[in-house]
Amino acid sequence: MDRPPLRVKRLDDADRRRWDAFVYACPEATFFHLAAWQDIVREVFRHRTHFLFAERAGEIVAILPLAEVRSRLFGHALASLPFCAYGGAAGAADAVAMLEAEADELARRLDVQHLEYRNLHARHVDWPRQDLYVTFRKEIAAEDEANLLAIPRKQRAMVRKGMRNGLVAGIDDDVERFFPLYAGNVLRHGTPALPKAFFARLLREFGPNCEVLTITDQAGRPMSGVLSFYFRNEVLPYYAGDAPAARDLAANDFKYWELMRRAAGRGATLFDFGRSKLGTGPYSFKKNWGFEPQPLAYEYRLYKRDAVPQNNPMNPKYRTLIALWRRLPLRVANALGPHIVRNLG
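Keep in mind it's a predicted model, so treat the numbers as computed, not measured. (Residues numbered from 1 in each chain as written. Predicted model: local features only at pLDDT ≥ 70, side-chain atom pairs only at ≥ 80, totals over all residues. Heavy atoms only, no water.)

1. Remarks on the packing of helix H2 (residues 36-44) against helix H7 (residues 196-206)
Here comes step 1: Across the interface, H2 lies against H7 with an axial gap of 11 Å and an inter-helix angle of 155 degrees. One finds that H2 runs roughly antiparallel with respect to H7. Of the two possible hands of crossing, H2 and H7 adopt the one that is right-handed. Where H2 abuts H7, its residues Ala 36, Trp 37, Asp 39, Ile 40, Glu 43 and Val 44 lie against Phe 198, Arg 201, Leu 202, Glu 205 and Phe 206.
Here comes step 2: Its residues assigned to classes, the contact of H2 with H7 shows 7 nonpolar, no polar and 4 charged. (Axes fitted to C-alpha atoms, helices over the stretch in contact; angles between N-to-C directions. Helix = DSSP H or I, 4+ residues; strand = E, 2+ residues; numbered from the N terminus. Parallel < 35°, antiparallel > 145°, perpendicular 65-115°, else oblique. Left-handed = near helix turned anticlockwise from the far one by under 90°. Contact = heavy atoms within 4.5 Å. Nonpolar A, V, L, I, M, F, W, Y, C, P; charged D, E, K, R; others polar.)

Here it is as structure tokens:
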């Protein structure tokens, strides 16, 4: 008996619940495949979105979230998905192939320079690939003592130092304490900050599955913060920041221990430490916690480019701009940053 035919459709409000139900049930789908990202990318960053799904006999069998990023500085692209670590199509193989063919046709129609998929695992071995990024994912136990002992000795000593310094962890209902920590941190690294409204929107959209953890010193001053996502059995610390004084107090180490401890208490069994660039400080920090890097397969179909774009701080041509950005007053950087970073993704 022949299988019912596949149909490709675009996500609208009437299909959001079905889309998200598929995301939670599909092993290849991630937090960044959820339907709420369509509104966030479209309304916060003003990028056109193309969230495609394949349907068979009225049932969603594959999805592919896409956004069109158009920038005078960084070019014109179609990506799955900007501002997200993971993306690409997820679902049944024949339906995925149909969605990717639709994406290729869309990319050509939009006249983009390239199409990008941010896959966890390679899908197109013959496509050019960005080999800069890795992710760090590791199982965690239900017991605090087991998780603490799993941290390598030197890093565990830093966690205990934070405990001895009397640091206090708390969950915030807003981003008022988090945002200055984040914005100051990225300025010191020479990169523009995402807008404060973006983080507030994440809290509204994802509710209890988006959480801000803030670490304060004994005087109640914010020292370190992290905004994390919860998805199925995973916790994903995704955005973070620290005050300059955090280093001496080991507040950053204490922060991630507290997140791990609290996530295990919520039933999480996998700690996703997120993506990092090879050879950077965050890469080394995560390895020091006993996490092993797993290469990410960022795959590209090039239409009007000779090579994979390098729109990241590791590109030597941005060194002068990074040095200049670091010298900006924080208020100026926060005002200018959203206009630049929306095109980076």
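2. Here's the deal with the sheet that holds strand S8 (residues 133-139)
Here comes step 1: Here 7 strands make up an open sheet; going across it, the order is S9-S10-S11-S12-S13-S8-S14 and the pairing mixed. Where the open sheet ends on each side, the last strands, each with one partner, are strand S9 (168-172) and strand S14 (293-295). Pairwise comparison of adjacent strand axes, ignoring direction, gives a mean angle of 30 degrees for this sheet.
Here comes step 2: Pairing analysis gives 3 bridges linking S8 to S14, with the strands arranged antiparallel. Across the sheet, Val 134 pairs through a bridge with Pro 295, a residue of S14.
Here comes step 3: Sheet contacts for helix H6 (residues 178-188): strand S10 (210-216), strand S11 (222-231) and strand S12 (234-242); angle to S12, the most-contacted strand, approximately 70 degrees. (Pairing = 2+ DSSP bridges.)

3. As for the pairing of strand S3 (residues 59-71)
Here comes step 1: Within S3, 11 of the 13 residues are buried, which leaves the element mostly enclosed by the surrounding structure.
Here comes step 2: Bridging between strand S2 (residues 48-56) and S3 involves 9 bridges; their strand directions are antiparallel. Residue pairing for S3: Ala 54 is matched across the bridge by Ala 62.
Here comes step 3: Count of turn residues in the S2/S3 antiparallel hairpin: 2 residues, of which Ala 57 carries a positive phi of about 55 degrees. (Buried < 20%, exposed > 50% of the residue type's maximum accessible area, 1.4 Å probe, protein only.)

4. Things to note about helix H10 (residues 281-288)
Here comes step 1: For H10, the complete set of buried residues consists of Tyr 283, Phe 285 and Lys 286. Here the buried residues of H10 occupy an arc of 165 degrees about the axis, which is enough to place them on one side.
Here comes step 2: Those residues of H10 hidden inside the fold are in contact with S8, helix H5 (153-164), helix H9 (251-265), strand S13 (270-277) and S14.
Here comes step 3: A positive phi of about 90 degrees marks Gly 290, the residue just after H10. (Arc of directions from axis to C-beta.)

5. Here we look at the packing of aromatic side chains
Here comes step 1: Enumeration according to the criterion identifies 39 aromatic pairs in this entry.
Here comes step 2: Look at Phe 273 and Trp 289: their rings are 6.0 Å apart centre to centre, the planes differ by 85 degrees, and that puts the pair in the edge-to-face class. Of this pair, Phe 273 sits in strand S13 while Trp 289 sits in the loop between H10 and S14, placing them 16 residues apart in sequence. The same class applies to Phe 273 and to Trp 289, which are both buried.
Here comes step 3: Lying across the ring of Phe 291, Lys 138 places its NZ or CZ 5.4 Å from the centre. (Phe/Tyr/Trp six-rings, centres within 6.5 Å; stacked < 30°, edge-to-face > 60°. Lys NZ or Arg CZ within 6 Å of the ring centre and 35° of its normal.)

6. Observations concerning the UniProt feature "coiled-coil region" (unreviewed entry) in the chain
Here comes step 1: Sequence positions flagged by UniProt for "coiled-coil region" (unreviewed entry) are, in local numbering, residues 89-116.
Here comes step 2: Overall, residues 89-116 shows 64% helix and 18% strand. The separation of its end C-alpha atoms is 11 Å. (UniProt positions renumbered as here; feature names shortened; annotations may be inferred.)

7. Section: the UniProt feature "domain: BioF2-like acetyltransferase" (unreviewed entry) in the chain
Here comes step 1: Here, UniProt's "domain: BioF2-like acetyltransferase" (unreviewed entry) annotation points to residues 153-286.
Here comes step 2: Annotation note: span residues 153-286, helix share 44%, strand share 29%, distance between end C-alpha atoms 14 Å.

8. Here's the deal with H5
Here comes step 1: With 12 residues, H5 extends 16 Å from end C-alpha to end C-alpha; this agrees with the ideal 16 Å at 1.5 Å per step.
Here comes step 2: For H5, the elements touching its buried residues are helix H4 (144-150), helix H8 (246-249), H9 and H10.
Here comes step 3: The positive-phi residue at the C-terminal boundary of H5 is Gly 166, with phi of around 70 degrees. (Expected span 1.5 Å × (residues − 1).)

9. Focus: the packing of H5 against H9
Here comes step 1: One way to put it is that H5 packs onto H9 with a least axis distance of 8 Å and a crossing angle of 95 degrees. As judged from the angle between their axes, H5 and H9 are roughly perpendicular. Between H5, through Gln 155, Met 158, Val 159, Gly 162 and Met 163, and H9, the contact on the second element is made entirely by Asp 253, Phe 254 and Trp 257.
Here comes step 2: Its residues placed into classes, the contact of H5 with H9 shows 5 nonpolar, 2 polar and 1 charged.

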